[in-house]
Amino acid sequence: MPSYVLMRILESSPDRYDRGVRILTLGRLEGVYERLASRIKPGQRVLDIGCGTGALTIRAAMRGARVKAIDINPRMLEIAGKKIEEVALTHRVELCEMGVAELDTEAAESYDAVMAGLCFSELSEDELCYALREIMRILKPGGLLLIADEVVPRNPLKRVITLLIRLPLLLIAYLLTQTTTRAIKNLPEKVEGAGFIMESMRLSRMEDFVEIVARKPGG
Ligand SMILES: C[S@@+](CC[C@H](N)C(=O)[O-])C[C@H]1O[C@@H](n2cnc3c(N)ncnc32)[C@H](O)[C@@H]1O
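Everything numeric in this text was worked out from a predicted model, so none of it was measured. (Residues numbered from 1 in each chain as written. Predicted model: local features only at pLDDT ≥ 70, side-chain atom pairs only at ≥ 80, totals over all residues.)

Before going further, it helps to examine the pairing of strand 4 (residues 111-117). Within strand 4, seven of the seven residues are buried, leaving the element largely enclosed by the surrounding structure. Note: strand 1 (residues 45-49) against strand 4, four bridges, orientation parallel. Counted as the bridge partner of Val-46 is Ala-113 from strand 4. Across six bridges, strand 4 lies against strand 5 (residues 139-150) in parallel orientation. Note that in strand 5 the partner of Met-115 across the bridge is Leu-146. (Buried ≥ 20, exposed ≤ 12 C-beta atoms within 10 Å, placed from the backbone. Helix = DSSP H or I, 4+ residues; strand = E, 2+ residues; numbered from the N terminus. Pairing = 2+ DSSP bridges.)

Next up, the structure:
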């Protein structure tokens, strides 16, 4: 779904983020997040990285997890806070204005699961490697890493088609926000390279979007 490039525009207007995402993804992201959140169990301690307006956070809290949800955008956190209040889940969620760069402040082996929905594609290559290393450290042995994000297709034809569709969208997003997202190259290899065991991986038909369930060894 090359339309994910336009997420940056939606982020600059958080009030419209949820509606915009539903339209851009034709509602498909909801199914992806439901599947990922179905891995969360009651009582688990969960970290949502780049929580945005709380799509994954709320799903995990509804399943009985205690969630720490972090994001660098205070306006996204504000909307997440309102939504969490509306569904009466404030007792299960801690919202923090905090970036990936601060993950080293989290205690080792303190989370049962870490989730990241469409956040890794907003990180630099170095930040992503750092994030994966830190997630490995802060997860308990056997803990889960749940990712949904845009990736560069492996198939050369699909790569070219996706690039051609992405380019004008990239330009629009950049002109409006001076930032852009970056489809991730070789994400599964990066996850495995950080020491995780791949439990399941689901690619979109165009191979430009992936859902990953990976596990820290042990437990
Ligand atoms: C496309 S939104 C996705 C939000 C949410 N996970 C969802 O799926 O609806 C990406 C989010 O990542 C956040 N983000 C980007 N870079 C970050 C960083 N370095 N640390 C923490 N959050 C970050 C953005 O502020 C934004 O809210």
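Consecutive residues of a regular strand have side chains that alternate between opposite faces of the sheet. Counting buried positions along strand 2 (residues 66-71) gives five out of six residues, so the element sits mostly inside the fold. Judged from the five bridges that link them, strand 1 and strand 2 form a sheet pairing that is parallel. When the sheet's bridge partners are listed, Ile-49 is paired in strand 2 with Ile-70. As a crossover connection, the stretch from strand 1 through helix 4 (residues 55-62) into strand 2 is right-handed. Sheet analysis places strand 2 next to strand 3 (residues 93-97), joined by five bridges and oriented parallel. Its bridge partner lying in strand 3, Val-67 is registered against Val-93. Where the polypeptide runs from strand 2 across helix 5 (residues 74-86) and back to strand 3, its parallel neighbour, the crossover connection is right-handed. (Right-handed = clockwise from strand over helix to strand, strands pointing away.)

This next bit is on helix 5. The terminal C-alpha atoms of helix 5 lie 18 Å apart, and with 13 residues this matches the ideal 18 Å at 1.5 Å per residue to within 8%. Burial in helix 5 covers these residues: Met-76, Leu-77, Ala-80 and Ile-84. Projected down its long axis, helix 5 shows its buried positions confined to an angular sector of 95°, all on one face. Every exposed residue of helix 5 that faces more than 90 degrees away from the buried side is listed here: Pro-74, Lys-82, Glu-85 and Glu-86. (Expected span 1.5 Å × (residues − 1). Arc of directions from axis to C-beta.)

Pairing between the strands of a sheet is mediated by backbone hydrogen bonds and can be parallel or antiparallel. Spatially, the seven strands line up as an open sheet ordered 3-2-1-4-5-7-6, and their pairing is mixed. On the outer flanks of this sheet lie strand 3 and strand 6 (197-203), each paired with one strand and no other. Each strand of the sheet is rotated relative to its neighbour by a mean of 15°, with strand direction disregarded. When strand 6 meets strand 7 (residues 209-215), the two strands line up antiparallel, connected through six bridges. Pairing of Leu-203 across the sheet is with Val-210, part of strand 7. Contacts between helix 6 (residues 125-138) and the sheet are confined to strand 4 and strand 5, with strand 5 contributing the most and set at about 145° to the helix. (Axes fitted to C-alpha atoms, helices over the stretch in contact; angles between N-to-C directions. Contact = placed C-beta atoms within 7 Å.)

Nonpolar side chains tend to gather and get buried jointly when the protein is soluble and globular. Counting residues in each nonpolar core, the largest one holds 58 residues, and the members touching the most others are Val-46, Ala-60, Val-114, Met-115 and Leu-145. The greatest single-element share of this core, amounting to six residues, is contributed by strand 5. Those residues in contact with Met-115 that lie beyond four places of it in its chain are Leu-36, Val-46, Asp-48, Ile-49, Leu-56, Ala-60 and Leu-146. (Core = buried A, V, L, I, M, F, W, Y, C linked by C-beta atoms within 7 Å.)

Below, the discussion takes up unusual backbone geometry. Not every positive phi belongs to a glycine, and Ala-88 is a case in point at roughly 55°. Along the chain, Ala-88 turns up in the loop between helix 5 and strand 3. With phi around 50°, Asn-186 is a residue other than glycine that occupies positive phi space. Mapped onto the secondary structure, Asn-186 falls in the loop between helix 7 (156-177) and helix 8 (187-193). The exposure class assigned to Asn-186 is exposed, which follows from the 12 C-beta atoms found within 10 Å.

Looking at the ligand, there are 20 residues lining it, with Gly-50, Gly-52, Asn-73, Gly-99 and Gly-117 nearest. Mapped onto the shell around the ligand, the elements with two or more residues apiece are helix 1 (7-11), helix 4 and strand 2. (Near = placed C-beta within 6 Å.)

Attention now goes to the environment of Pro-141. Relative to the helices and strands, Pro-141 resides in strand 5. Classification of Pro-141 by C-beta neighbours within 10 Å gives exposed; the count is 10. Not counting the four nearest positions on each side in its chain, Pro-141 is found in contact with Glu-109, Lys-216, Pro-217, Gly-218 and Gly-219.

Take it as geometry only, folks, not as evidence of what the structure does.
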